[in-house]
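Geometric and topological summary
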Amino acid sequence: MMKGISATARVRIARVAIYGIGFAPAAWTFYLGVIDQLGADPMKTLEQTLGLWALRFLIVTLAITPVRDLFGLNLLRYRRTVGLLCFYYALMHLLTYVVLDQGLDFAAIWADILKRPYITVGMLSFVILVPLALTSSNMMIRYLGGPAWNRLHRWVYLAAAAAAVHYLLVVKSWPMEPLVYFAIVTTLLAYRLFKRLRGRRRSRLASA
Ligand code: HEM
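By convention here, each chain's residues receive numbers from 1 onward along its written sequence. Owing to the predicted nature of the model, reporting of local features is limited to residues with pLDDT of at least 70; listing and counting of side-chain atom pairs is limited to 80 or more, with chain, interface and lining totals taken over all residues. Side-chain figures throughout are based on the complete set of non-hydrogen atoms in the structure, without hydrogens or water.

What about the packing of helix α3 (residues 79-101) against helix α5 (residues 117-134)?
Here, axes are lines fitted to C-alpha atoms. For helices the fit covers the stretch in contact, and angles between N-to-C directions go from 0 to 180 degrees. Note on conventions: DSSP H or I runs of at least 4 residues are helices, E runs of at least 2 residues are strands, and numbering of each starts at the N terminus. Where α3 meets α5, the axes come as close as 10 Å, and the angle between the chain directions of the two elements is 135°. Looking at the two axes, α3 sits oblique to α5. Here the hand of the crossing between α3 and α5 comes out left-handed. Contact residues: Leu84, Cys86, Phe87, Ala90, Leu91, Leu94 and Tyr97 in α3; Ile119, Met123, Phe126, Leu129, Val130 and Ala133 in α5. Looking at the contact of α3 with α5, its residues break down into 13 nonpolar, no polar and no charged. For classification purposes, an angle smaller than 35 degrees is called roughly parallel, one larger than 145 roughly antiparallel, one from 65 to 115 roughly perpendicular, and anything else oblique. Handedness of a helix crossing follows the sense of rotation of the near helix relative to the far helix, less than a right angle counterclockwise being left-handed and clockwise being right-handed. Throughout, a residue-residue contact means that at least one pair of heavy atoms, one from each residue, lies within 4.5 Å. Amino acids outside the nonpolar list (Ala, Val, Leu, Ile, Met, Phe, Trp, Tyr, Cys, Pro) and the charged list (Asp, Glu, Lys, Arg) are all regarded as polar, and Gly is one of them.

Structure representation (structure tokens):
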């Protein structure tokens, strides 16, 4: 069926499909909100759902390289799409907090950032995601040059660590879910570190 379609068009169609599927949880949650089916505290449910999906997309973004290395499945061309989905969810999560939770009271928000570690860490994660999203286009990759772009985008590791810690701090007690997310993020970051150290060792051996 896809015979007459060029490879570029297929990638485009797949990206649109990923956006369609990716935004479905947000659309469904907003719909449940509109029909008043989001439980006793709809604002909290919305805030938590959007935050959780932002973290999930961040994890998928980080998992794309290990999946290629370990299973030979190359999804690199979709990494930017998933990364941007993470950013859009984080933005909706932040807007829910700023508009619905805090009622645009910027003094209260600033006090929250200073007083509550989970808000400070969440903000840190979001502040890192902003330049990454803004520099995700091909034009920005060309403008910055490959090495500088790669250096900048390595900050995603800190954003992911901060998001996982944010989740742990939100829940205060120790339920399973945030611990599982924390473990997944730690494994993905440890993989990168391992790969980097191994690469360095190999290049040292090669030049010896
Ligand atoms: C922009 C700064 C951020 C602020 C102000 C913020 C604020 C919040 C708030 C108020 C909650 C709900 C706390 C509660 O249940 O009482 C929350 C939960 C959460 N946030 Fe954030 N957040 C931020 C950034 C992020 C980012 C960047 C991510 C992920 C990439 C994230 C992921 C989560 C997760 C996973 C939860 C818990 C959801 C659950 O309880 O199921 N947040 N955040």
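Don't stop here, the text continues.
What about the packing of aromatic side chains?
Aromatic rings from Phe, Tyr and Trp, with only the six-membered ring used for Trp, were paired whenever their centres fell within 6.5 Å, and each pair was classed as stacked if the ring planes differed by under 30 degrees, edge-to-face if by over 60, and tilted otherwise. Enumeration over the complete set of coordinates arrives at 9 aromatic pairs. Chaining the aromatic ring pairs together yields one cluster made of Tyr19, Phe23, Trp53, Phe57, Phe87, Tyr88, Tyr89 and Phe126. Geometrically, a charge over a ring is one whose NZ (Lys) or CZ (Arg) sits within 6 Å of the ring centre while staying within 35 degrees of the ring normal. Across the ring face of Trp53, the terminal group of Arg56 is positioned such that the distance to the ring centre comes to 4.6 Å.

Section: the coordination of the iron atom of the ligand
At this site the iron atom of the ligand is bound by His93 (NE2) and His166 (NE2), with donor distances of 2.0 Å. Accessibility expressed as a relative area gives 22% for His93, which makes it partly exposed. We call an atom a donor if it is N, O or S and sits within 2.8 Å of the metal, or 3.2 Å for Na, K and Ca. Water is not counted, so some sites may look partial. Three labels apply to residues, based on accessible area from a 1.4 Å probe with only protein chains included: buried if under 20% of the type maximum, exposed if over 50%, partly exposed otherwise in between.

Any functional reading would require information that these geometric values do not contain.
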